[in-house]
Amino acid sequence: MGSSRNLTLYVDLLSQPCRAVTIFCSGMIDDDDDDDGHARVNEIEADVQIVSFLKKETREPPFLAINPLGQVPAIDDGGFTLSESHTIMRYLAATRKVADHWYPEDLEKRACVDRVLDWQHGSIDRDAAQFLVHRELAPLLGRTKNPTLAAEAEDSLKQSLKTMETVWLKDSPFLARGSQPSIADISSACQLQHLKLLDKEESGALLAPYEKVKAWMVAVEEFTAPYFVEVHGELEKLAKILEERRKSEAEAELETAPKL
Amino acid sequence: MGSSRNLTLYVDLLSQPCRAVTIFCRVNEIEADVQIVSVLKKETREPPFLAINPLGQVPAIDDGGFTLSESHTIMRYLAATRKVADHWYPEDLEKRACVDRVLDWHFGNLRRDAAQFLEHRELAPLLGRTKNPTLAAEAEDSLKQSLKTMETVWLKDSPFLAGGSQPSIADISSACELQQLKLLDKEESGGLLAPYEKVKAWMVAVEEFTAPYFVDTHGVLEKLAKILEDRRKSEAEAEVETAPKL
């Protein structure tokens, strides 16, 4: 155990939890053609293997040997395999002895981080995913948009943002009461970045009322610079493709609209 | 910190995560005042409780002034501060990671699926909502997938979910989640679990390991299950009576 093990990260950078783990590992993807490379984790190295969810590589035998659940992110740490991004970050924080603020030793401070990590599953993770699927991404996944589910998810997401604004960030620049970020901040920030796949005006309007949340996003990005932006490169590319598609569809609708 | 603090648990025993925390405390003989806070009566949304948890959710604890919510977080915290037996949340980092993994998996799988299935098959009217048969069907499929994962992955080589020979907090959490299915028609819940021999054996093992607290703590749920069963019978009889005579 410890820094002498060979660590491999299996990630798809279109996935929010994958980005969180990669950023935590201070991901620096080399400029290879295949995007595989080395990441430095607070001075610990990891091989980064890109496994594509959309290309169904997560469901193929080589990867299933690492995680029979067929989900990324996953790690292989010298033969010990693990999945679930929060679990991976807790495990790496402890085994690699990273700076305490990421996952504190103090039991009360640690509980504050755990609380936000757990809360996240049933709030922004679920809401942002449901909103994105039914507002935008369904066709990409071979599914049908359901406007009712989109509306419900939007309401729920606003409630979650309100909780961040008025509870987690009430007296603290970061989510778990520390003066520096924890793994809960990386995890939640990656979830919210996913909203970039929406129309810019819509995502802007969604976040507009939440000043503390917006300031916090900037703070997390700055603390983990330059990795936060780098690791979000794939997402930015997809966001641009979707933006252009929306424009084309809007133009096509204008052309086919009845002439007055 | 430690066992000298005054611990208060705020729970509604109709809630799966509340039962998990309660059973965990009882099995480990952790002294606590237990305050019942009712979700259905909206007590979780009232000022006295909101001072403990501004999110208005149970379970929550107040440990000598330190307040906390989220059942998995509470159990991790109490396991560490009360120094319970190691198997509940092991010190060994690999074993601990195996417990964390199941705890995290639980949210997006068993918890989400069981809750959605129960809501749209049975409980929606109770919560002032409308059943959606499509969402019920989707949740049922997803729930079967979660049960299959338990059967073929978590319980593949181990009597308990996180690979230990004794249960962890992940076992208590997931067992309470599955017990919630008792609110369904008995034949339906029986049918749902029927193919999963290891899951069924595991449920018995968890119940036995935490006896008598597991059954005791599920008393309130059993009462509600009976009320719903009686209601289903009355509705079925009423339908038969109003059916056209041949």
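Residues numbered from 1 in each chain as written. Chains lettered and ligands numbered in written order. Predicted model: local features only at pLDDT ≥ 70, side-chain atom pairs only at ≥ 80, totals over all residues. Heavy atoms only, no water.

- For chain B, an unreviewed UniProt entry supplies the name Glutathione S-transferase and the organism Sphagnum jensenii.

- As recorded in an unreviewed UniProt entry, chain A goes by Glutathione S-transferase and comes from Sphagnum jensenii.

### As for the overall build of chain B
At step 1: Counting its secondary structure elements, chain B contains 10 helices and 4 strands.
At step 2: Of the regular secondary structure in chain B, the N- to C-terminal order runs β-α-β-α-β-β-α-α-α-α-α-α-α-α.
At step 3: Against the globule reference of 18 Å for 246 residues, chain B gives a C-alpha radius of gyration of 19 Å, in line with a compact fold.
At step 4: Seen through its principal axes, chain B has C-alpha atoms that stretch 70 × 45 × 30 Å.
At step 5: Across the 246 residues in chain B, those meeting the buried criterion constitute 52%.
At step 6: Residue pairs at least 24 apart in sequence account for 69% of intrachain contacts in chain B once pairs closer than 6 positions are excluded.
At step 7: For chain B, the exposed surface amounts to about 11700 Å²; the carbon and sulfur share of it is 52%. (Helix = DSSP H or I, 4+ residues; strand = E, 2+ residues; numbered from the N terminus. Rg over C-alpha atoms; globule rule 2.2 N^0.38 Å. Buried < 20%, exposed > 50% of the residue type's maximum accessible area, 1.4 Å probe, protein only. Contact = heavy atoms within 4.5 Å. Areas by Shrake-Rupley, 256 points an atom, 1.4 Å probe, with all protein chains shown as cover.)

### Here's the deal with the UniProt feature "domain: GST C-terminal" (unreviewed entry) in chain A
At step 1: UniProt's feature table lists "domain: GST C-terminal" (unreviewed entry) at residues 106-250 of chain A, given in the numbering used throughout.
At step 2: Overall, residues 106-250 of chain A shows 74% helix and 0% strand. The separation of its end C-alpha atoms is 54 Å. (UniProt positions renumbered as here; feature names shortened; annotations may be inferred.)

### Notes on helix 8 (residues 197-209) of chain B
Residue and element names in this part refer to chain B.
At step 1: Helix length check: helix 8, at 13 residues, gives a terminal C-alpha distance of 18 Å against a target of 18 Å (1.5 Å per residue), a fit within 8%.
At step 2: Listed as buried for helix 8 are Val-199, Trp-202, Met-203 and Val-206. Angularly, the buried residues of helix 8 cover 105° about the axis, an arc narrow enough to put them on a single face. Facing away from the buried surface of helix 8 by more than 90 degrees, the exposed residues are Glu-197 and Glu-208.
At step 3: Buried residues belonging to helix 8 abut helix 5 (133-154), helix 6 (169-179), helix 7 (186-193) and helix 9 (213-217). (Expected span 1.5 Å × (residues − 1). Arc of directions from axis to C-beta.)

### Side note on the UniProt feature "domain: GST N-terminal" (unreviewed entry) in chain B
At step 1: When the UniProt feature table is mapped onto this chain numbering, "domain: GST N-terminal" (unreviewed entry) sits at residues 5-86 of chain B.
At step 2: For residues 5-86 of chain B, the helix share is 35%, the strand share is 21%, and the end-to-end C-alpha distance is 21 Å.

### Quick word on the UniProt feature "domain: GST C-terminal" (unreviewed entry) in chain B
At step 1: UniProt feature "domain: GST C-terminal" (unreviewed entry): in the numbering of this structure it lies at residues 92-236 of chain B.
At step 2: As a span, residues 92-236 of chain B carries 74% helix and 0% strand, and end to end its C-alpha atoms are 54 Å apart.

### Remarks on the domain arrangement of chain A
Residue and element names in this part refer to chain A.
At step 1: We note that the domain assignment places domain 1 (7-98) and domain 2 (107-240) within chain A.
At step 2: For domain 1 and domain 2, the distance between their C-alpha centres works out to 21 Å.
At step 3: In this assembly, 19 residues from domain 1 lie in contact with 23 residues from domain 2.
At step 4: Between domain 1 and domain 2 the total buried area reaches about 1900 Å² when both faces are included, carbon and sulfur atoms providing 69% of it.
At step 5: Here Arg-90 makes a salt bridge to Asp-114, at a shortest N to O gap of 2.8 Å.
At step 6: The tally of links between domain 1 and domain 2 comes to 7 residue pairs in polar contact (both at pLDDT 80 or more).
At step 7: At the level of secondary structure, the elements contributing two or more residues to the side of domain 1 that touches domain 2 comprise helix 1 (16-24) and helix 3 (85-95).
At step 8: Top contributing element to the side of domain 1 that touches domain 2 by residue count: helix 1, with 7 residues. (Domains from an automatic or database assignment. Buried area = accessible area lost by both parts, 1.4 Å probe. Salt bridge = Lys/Arg side-chain N within 4 Å of Asp/Glu carboxyl O. Polar contact = N/O pair within 3.5 Å; in protein donor to acceptor, adjacent residues only side chain to side chain.)

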